[in-house]
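Examination of the molecular architecture
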Amino acid sequence: MDSGAEVIVVRHAGPLRGEVTVPGAKNSVLKLMAATLLTDGVTTLTNVPDIADVAIMGDLLAAIGVGWDWHPTDRGTLVLTNGGQITPVAPYELVERIRASINVLGPLLTRCGTVTLSLPGGDDFGSRPIDMHLAGLEAMGATFELRKGDVVARAERLHGANITFEFPSVGATENILTAAVFAKGTTVIDNAAREPEISDLCNYLVAMGADIEGGGSSTLVIHGVERDSLRPVTHEVVPDRIQAATYIAAAAVTGGEVVVINARPEHMEMPLRRFAEMGLTITPQTNGIAVWAPERMRSIDFATLPYPGIATDYKPLIVTMLSIASGVGIVTENLYPGRFRYVEELLRLGADISTDGHHAVVRGVAQLSGAPVRAPDIRAGAALVIAGLAAEGETVISGVDHIDRGYDDLVGRLARLGADISRR
Ligand code: EPU
């Protein structure tokens, strides 16, 4: 059945207990896949999450000329074969489905000298422009022409440039970084995004033969290399910090005790600190994070910010936690204007939340109660599932196709921790 027609049914459960393993990060693997366009040959990615967006990105790469062969049950192995026959055109049908499709722009432009790209889609968080991507590439010598809904980019050979972002955009950092790999001379990106997924991309590119300094910091220095300096490699995708937080939230709202295997505490310092303020006992372990939840959490105020701040993708989970914590939490969204739509769904479950522009005031209630709700996007969908764990009675979540875009077997993983959850 088309997952758009399926629902997830969750019933109130006791404390979740046990171990859950976090797969690789969506927001890393999609970028690593796009970067395989830089080099001919066979690339192997492991720890690839079994999510719909990987298949969409695979189809996009196939349309451009890179074959893909995916073995989700074999350590999440994805084999990408770039035979060198590249058509630098990213068609609308695929681009409109995921925001990460924009990540083919940098590699294709630096490799082929021209790209035709439909303007990207993905989650509907209000307007999500790409002006910083285009301005950075323009500073490196690219020209752009807008033809109906397509951007046509050209650059015989990009050259190095000093680029200072007014905001550390994840996607713009990645596009400039990959484009700079073959640019003539040195590119410096100041106020670069430094999410762990960007460090993962830097590590991957360096292993391939790129010359990059400062990965994981807010200044990236990329010395352009010749095209034949790159070779394909085998690379393990960094674990997904947002999925990790999802299982922490599941433990938190059920008063449970869960070990999140493969979660990297060093990638989640800020959210872990805030979870501790809410009353969770968080113990970093060599292979993950152990979480012990109190009977009732305390509220906190928080604001979303670029890494190392609290990522906007954690927000629906934390708002769900606040909705049953004791006290009042004030939440400020600094990244996306339209990212409070799931609040209406939480209200259907009995949460007490009011929103005003970028702010939400969450008054913790003693108990949520089950109801039919709809997932408006990936992270909000997961948060509604987590809310359902804490809600009295039955919660039925539709819009499951959104959840499948970014979550690898959320239902199975929660069921193995003891949740009463199924899909139908
Ligand atoms: N922005 C601009 N101009 C630009 C680029 C960005 O105005 O040229 C604005 C955006 O409109 C947005 C803000 O800057 O308001 C942040 O955008 P950013 O470029 O940092 O984000 P992104 O690359 O589009 C990635 C993730 C998102 C995550 C954000 C922020 C991927 C595929 N997506 O998006 O993840 O929310 O960074 O951390 O990596 C998700 O996984 O569910 C998801 C939405």
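Anyway, here's the lowdown on the structure attached to this text. These numbers were taken from a predicted model, which means no experiment stands behind them. (Residues numbered from 1 in each chain as written. Predicted model: local features only at pLDDT ≥ 70, side-chain atom pairs only at ≥ 80, totals over all residues. Heavy atoms only, no water.)

**A few points about the site of the ligand**
- For the ligand, the set of nearby residues contains 25 residues, the closest of which are Lys31, Asp131, Met132, Ser169 and Leu335.
- Separating an oxygen atom of the ligand from a side-chain N or O atom of lysine 26 is a distance of 2.9 Å.
- Contact with the protein chains removes 91% of the 820 Å² of surface that the ligand exposes when unbound.
- For the shell around the ligand, the elements supplying multiple residues, two or more each, are α1 (26-35), α5 (131-139), α6 (170-180) and α12 (378-390).
- For the shell around the ligand, a count of residues per class yields 10 nonpolar, 6 polar and 9 charged.
- In this structure, the shell around the ligand is formed jointly by two domains, domain 1 (8-22 + 239-423) and domain 2 (26-236), each of which donates at least three residues. (Near = heavy atom within 4 Å. Polar contact = N/O pair within 3.5 Å; in protein donor to acceptor, adjacent residues only side chain to side chain. Areas by Shrake-Rupley, 256 points an atom, 1.4 Å probe, with all protein chains shown as cover. Helix = DSSP H or I, 4+ residues; strand = E, 2+ residues; numbered from the N terminus. Nonpolar A, V, L, I, M, F, W, Y, C, P; charged D, E, K, R; others polar. Domains from an automatic or database assignment.)

**A word on the sheet that holds strand β1 (residues 8-11)**
- Pairing within the open sheet is mixed, and its 4 strands lie in the order β23-β25-β1-β26. In this open sheet, the two strands that pair with only one neighbour each are β23 (372-374) and β26 (420-423). Averaged over neighbouring strand pairs, the angle between their axes works out to 20° when direction is ignored.
- Direction of pairing for β23 relative to strand β25 (residues 394-398): parallel, over a ladder of 3 bridges. Considered in β25, the bridge of proline 372 is made with valine 396.
- In the packing of α12 onto the sheet, contacts are made with β1, β23, β25 and β26, and the angle to β1 comes to roughly 30°. (Pairing = 2+ DSSP bridges. Axes fitted to C-alpha atoms, helices over the stretch in contact; angles between N-to-C directions. Contact = heavy atoms within 4.5 Å.)

**Quick look at the nonpolar core**
- Counting residues in each nonpolar core, the largest one holds 75 residues, and the members touching the most others are Val260 and Leu414.
- Contact partners of valine 260, with chain neighbours within four places excluded, come to Val20, Val22, Ala244, Tyr247, Ile248, Asn287, Gly288, Ile289 and Val291. (Core = buried A, V, L, I, M, F, W, Y, C linked by side-chain atoms within 4.5 Å. Buried < 20%, exposed > 50% of the residue type's maximum accessible area, 1.4 Å probe, protein only.)

**Overview of the sheet that holds strand β21 (residues 359-363)**
- Here we have 4 strands laid out as an open sheet, ordered β18-β19-β21-β20, and mixed in their pairing. Since the sheet does not close on itself, it has two edges, and those belong to β18 (302-303) and β20 (352-356), each with one partner.
- In terms of strand pairing, β18 meets strand β19 (residues 328-332) through 2 bridges, oriented parallel. Note on β19: the bridge partner recorded for alanine 303 is threonine 332.

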